[in-house]
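Here is what each chain is made of, one letter per residue.
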Amino acid sequence: MASSDWPIDEAPGRDVRAAIPDGFRLESGQILAATEVVGRLHGPETGPLVVVAGGISSGRFAARWWSWAVRKGGPIDVDRVRVLAFDLAPGRDEDGLTITTVDQARLLAVLLNGVNEPCVDLFVGASYGGCIGLALAASHPLRVGELVVISAAHRTHPAATAWRGVQRRLLAFARDCGREAEGVALARELAMTTYRTGEEFALRFASTAPAEAGAAYPVCDYLIARGADYAEVTSAGRWITLSDSLDRHAVAPETIRCPVTVVGFTSDRLVPIEDSRDLAARLPNLRRLVEAPSIFGHDAFLKERKLVGRALHDALSPLYAAASSPSQTPCLSREIAA
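For clarity, every value in this text was computed on a predicted model and none was experimentally measured.

### Digging into the overall build of the protein
And step 1. Counting secondary structure elements, the protein contains 12 helices and 10 strands.
And step 2. Relative to a compact globule of 338 residues, whose C-alpha radius of gyration would be 20 Å, the protein shows 20 Å and is just as compact.
And step 3. Its C-alpha atoms give the protein principal-axis dimensions of roughly 70 × 45 × 40 Å.
And step 4. Expressed as a percentage of the 338 residues in the protein, the buried residues total 54%.
And step 5. When contacts within the protein are restricted to residue pairs at least 6 apart in sequence, long-range pairs at least 24 apart make up 77% of them.
And step 6. Carbon and sulfur atoms make up 53% of the accessible area of the protein, which amounts to about 14,300 Å² in all.

Laid out in structure tokens, this is it:
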């Protein structure tokens, strides 16, 4: 989703920042040009903390890119819990980096340290954000009380790598030819065909042929518009880095000790339902596996408001009940148990 598609940030929030320690290196050995991690905090001054992370085009403005979920009275109710979202590394102008989901988790830990938060009561991660949540729970087990993973798994499917690999080569080719914005737009068009399903396209678009060969069909007009919007908000280098990060993602589910809810969709081609099932089967503390059909494929976490909202409500209900009794939050309970 492009920034022009986002509604205003209706839920009041404030930016929070933490300095990246000197000598901080990515797993690749590289150093970020950025000197700080930036997040956005919503909600009351005290109470359970919920971290929200989404796809590679998301960031700290969760009340925009997931506005139906992160809002007053929503499934993630900013009147009842504190909600923290954060900007993903690298920045738009950083190029040539190799970054992993563990690196993103380490940077989130820097931000948590900066705002004096030893533990996240609930991490809600969708798509790339779900991968970061799994990486954080595996690498920093005492910092996650509970985890909800939507449209994400512990590994990358080779078919998803194949699609993203074509996108990366297209991005690099266009950038090298001096036509970066066009390359980003075309790569986004291709990506949209993997995010959504043929069933949705069949329902939404007629197959009427244009007058001349090479002209756009109705479905192409939709893709062209989505690509043009996205070209305004990212660079080829940043997209290559984050796309590659998805394909490097690998977490051993057996190392994750906190309770986990897994939500997967049978039409998701990027994260096949079989991978969600495998993740659920290997987790030591599975709370629940939710699987459902959807015409929206991988983007179901953005579109299936009723089903996703119910899963979020179920995960958050204990936190809402515990909001008046902080000693009962998952984080403190895990610290006591440890």
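### Focus on helix H4 (residues 158–176)
And step 1. Along its 19 residues, H4 runs 27 Å from first to last C-alpha, staying within 8% of the 27 Å computed at 1.5 Å per residue.
And step 2. Inspection of H4 places Ala-160, Arg-164, Gly-165, Gln-167, Arg-168, Leu-171 and Ala-174 among the buried residues, and these make up the whole buried set.
And step 3. Looking at the buried positions of H4, the neighbouring elements they touch are helix H5 (180–195) and helix H8 (236–248).
And step 4. One or two steps after H4, the chain reaches Gly-178, where phi turns positive at roughly 75°.

### A look at unusual backbone geometry
And step 1. Residue Ala-89 is joined to Pro-90 through a cis peptide bond whose omega torsion reads 5°.
And step 2. Within the secondary structure, Pro-90 is located in the loop between strand E6 (82–86) and helix H2 (101–114).
And step 3. Positive phi outside glycine occurs at Ser-127, with the angle close to 60°.
And step 4. Checked against the element boundaries, Ser-127 lands in the loop between strand E7 (122–126) and helix H3 (128–139).

### Some thoughts on the nonpolar core
And step 1. Core analysis: the biggest nonpolar cluster contains 67 residues, and Phe-123 and Leu-147 have the highest contact counts within it.
And step 2. Residue contributions to this core peak at 7 residues, all from H3.
And step 3. When sequence neighbours within four positions are dropped, the list of residues in contact with Leu-147 reads Leu-122, Phe-123, Gly-133, Leu-134, Ala-137, Cys-258, Pro-259, Val-260 and Thr-261.
And step 4. Counting residues in hydrophobic clusters, the runner-up holds 35 residues, among them Val-124, Val-148, Ile-150 and Ala-300.

### A look at the state of the cysteines
Covalent bonding between the sulfur atoms of two cysteines is what defines a disulfide.
And step 1. One pass over the structure, following the stated rule, counts 0 disulfides.
And step 2. Cys-258 supplies the cysteine sulfur nearest to Cys-131, a cysteine that is in no disulfide, at a spacing of 15 Å.
And step 3. Note on Cys-131: relative accessible area 6%, which makes it buried.

Analysis parameters
For every chain, the first residue of its written sequence is number 1, and the numbers climb from 1 along that sequence. Selection of residues for local features in this predicted model requires a pLDDT of at least 70, selection of side-chain atom pairs for listing and counting requires 80 or more, and totals for whole chains, interfaces and linings are taken over all residues. The side-chain numbers reported here are obtained from all heavy atoms of the structure, hydrogens and water having been left aside. Starting at the N terminus, helices and strands are each numbered in turn, a helix being any DSSP run of H or I of at least four residues and a strand any DSSP run of E of at least two. We take the radius of gyration over the C-alpha atoms and set the globule estimate at 2.2 Å times the residue count to the 0.38 power. Throughout, exposure labels follow a simple rule: accessible area from a 1.4 Å probe, protein chains only, divided by the maximum for the residue type, with under 20% read as buried, over 50% as exposed, and the rest as partly exposed. It only takes one pair of heavy atoms within 4.5 Å for two residues to be counted as in contact. Where accessible areas are quoted, they stem from the Shrake-Rupley method and a 1.4 Å probe; at the residue level, only the protein chains shown are allowed to cover. Expected span, for any helix, means 1.5 Å times one less than how many residues it has. To form a nonpolar core, buried Ala, Val, Leu, Ile, Met, Phe, Trp, Tyr and Cys residues must be joined to one another through side-chain atoms within 4.5 Å. By disulfide we mean two sulfur atoms from cysteines, separated by a distance within 2.5 Å.

Coordinates in, geometry out; function isn't part of it.
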